Amino acid sequence: MPPHLTALADSLPSTVPFVGPETQERNNGRPFRARLGANENGFGASPKVAAAMAAAAGDMWKYGDPENYDLTQALAQHLGIEPSQIAVGEGIDGLLGLAVRLFVEPCATVVTSLGGYPTFNYHVAGFGAQLHTVPYKGNHEDPEALLAAVLKIKPAMVYFANPDNPMSTCWPAEDVVRMIEGVPDDVMLILDEAYGEFAPAGTLPPIDLIRPNMLRMRTFSKAYGLAGMRCGYAIGEAEVIRAFDKVRNHFGMSRMTQVAALAALEDQAHLAETVKKVERCRERLTRIAEENGLSALPSATNFVAIDCGSDGAYALRVLQELGRRDIFVRKPMTPGLDHYIRVSCGPDAEIDMFAQALPAALEAAGKA
């Protein structure tokens, strides 16, 4: 008899939060011409990153520093907080899994938004907890409704992303602070700020707003252009951050990832230029939508949500028709949000391809 899965593992579906573009390319038998669906930074990392990685290549026989010391010190100096208030990990996705493992008992309840970031939900299910979801308020997550749910059902954890994925919207810092102040001391608030560098001024609460029941998540995958390196960090009260040492993979951060993230952080001029490129691309994607009789949401991220003007089934056909033209985009699947497609910012050549393919995709979707 082979070993049995645990009852929890056996109950879970064999699925992943996202089907990668590589999987779709293998299924299609050809590569995408434009990769605009994963909210990667197609403008790329700082050239100083590649130089630092090349210089470090000869040291890859060594494990990475299990304390992530140099990167943690640099982040603390950059942010103006203490190194003890930062935990580095394998992207926000990895840190979310650790946070759920640390603070959510099996069968406990977790509050999140219906249609919000699915990887968080994946971790909650994987550790045997239950989700309570709160609908969006129009095209925004609803912090007031999330807080009301927290006060009513007393969950172990609540998740809130600002700016938001998948709709690209955001709330000003004062609204976020109001939610933070309302969450009871015994509920852990996860504040996902993955897209914070792209958001308008006044979106992120002050960095020194640190509480024992809050973890703020940030990443090198988006603005810094290092999605392939998997590096994120959590900001929190020192005792909470220290708890990550109980469960994390101490050698999970490769030496090359540490080198790359440190070089990226040091080149703030490149980061500023990337943010400008994203702003220009968001404007262009909005124009492309309007030229095709569609509308786009104002974006606080590095992607634009475009309303396809009909229902979710039509938007799905638009996405599929773009895929047939080798243009990779994604879309929300939750009713009420599913009539949008989501297009990542990227280099002009790839946006040109999207602009050229969209009219025919819309026409074909309408005939299907």
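Everything discussed here concerns the structure shown above.
Residues numbered from 1 in each chain as written. Predicted model: local features only at pLDDT ≥ 70, side-chain atom pairs only at ≥ 80, totals over all residues. Heavy atoms only, no water.

### Re the overall build of the protein
Just so we agree on the cut-off: Going along the chain from the N terminus, every DSSP run of H or I of four or more residues is numbered as a helix, and every run of E of two or more is numbered as a strand. With the radius of gyration taken over C-alpha atoms, the globule rule is written as 2.2 Å times the number of residues to the power 0.38. Here the Shrake-Rupley method, with its probe set to 1.4 Å, supplies the accessible areas, and only the displayed protein chains count as covering residues. Charge assignment: positive for Lys and Arg, negative for Asp and Glu; neither His nor the chain ends contribute. All charge positions are set by atom: Lys at NZ, Arg at CZ, Asp at CG, Glu at CD.
When helices and strands are tallied, the protein shows 13 helices and 12 strands. Here the C-alpha atoms of the protein give a radius of gyration of 21 Å, agreeing with the 21 Å that 2.2 N^0.38 yields for 368 residues. For the protein, the C-alpha atoms occupy an extent of roughly 60 × 55 × 55 Å along the three principal directions. Within the structure as shown, the protein displays about 16500 Å² of accessible surface, and the carbon and sulfur contribution to it stands at 54%. Charged side chains of the protein number 33 positive and 44 negative; the gap between the two group centres comes to 4 Å.

### Concerning the packing of aromatic side chains
So the rule is basically this: Two rings belonging to Phe, Tyr or Trp (six-membered ring only in the last case) form a pair when the distance between their centres is within 6.5 Å. Interplanar angles under 30 degrees mark stacking, angles over 60 mark edge-to-face geometry, and anything in between is tilted. Relative accessibility under 20% of the residue-type maximum defines a buried residue, over 50% an exposed one, and the middle range a partly exposed one, all with a 1.4 Å probe and only protein chains included. In this scheme, Lys NZ or Arg CZ marks a charge over a ring once it lies within 6 Å of the ring centre and within 35 degrees of the ring normal.
If you walk through the whole model with that rule in mind, you get seven aromatic pairs. Where Phe220 meets Tyr224, the ring centres are 4.9 Å apart and the plane angle is 40°; that geometry is what we call tilted. Each of the two residues, Phe220 as well as Tyr224, counts as buried. Here a set of aromatic residues connected by ring pairs shows up, and it is made of Phe220, Tyr224 and Tyr233. Cation over ring: Arg342 sits above Phe303, and NZ or CZ is 5.4 Å from the ring centre.

### Looking at the nonpolar core
Heads up, the rule is: In plain words, nonpolar cores are sets of buried Ala, Val, Leu, Ile, Met, Phe, Trp, Tyr and Cys residues tied together by side-chain atoms within 4.5 Å.
Counting residues in hydrophobic clusters, the biggest one holds 86 residues, and the most contacted among them are Leu215, Phe220, Leu322 and Phe354. Core analysis: the next-biggest nonpolar cluster, separate from the first, contains 19 residues, Ala149, Val177, Val187 and Met214 among them.

### Points about the sheet that holds strand β12 (residues 340-344)
Convention followed: Strands are treated as partners if at least two bridges between them are detected by DSSP.
Overall, antiparallel pairing links the three strands, which are arranged β9-β10-β12 in an open sheet. The open sheet has two edge strands with one neighbour each: β9 (295-296) and β12. As judged from the five bridges shared by strand β10 (residues 303-307) and β12, these two strands associate in the antiparallel manner. Paired with Ala305 across the strands is Arg342, a residue of β12.

### Some remarks on the pairing of strand β4 (residues 130-134)
Condition: With the strands aimed away from the viewer, a crossover counts as right-handed if its path from the first strand over the helix to the second runs clockwise.
Judged from the five bridges that link them, strand β3 (residues 109-113) and β4 form a sheet pairing that is parallel. Following the sheet pairing, Val110 is matched in β4 by Leu131. With helix α6 (residues 118-126) bridging β3 and the parallel β4, this β-α-β connection has right-handed handedness.

All quantities given are derived from atomic positions and should not be read as evidence of function.
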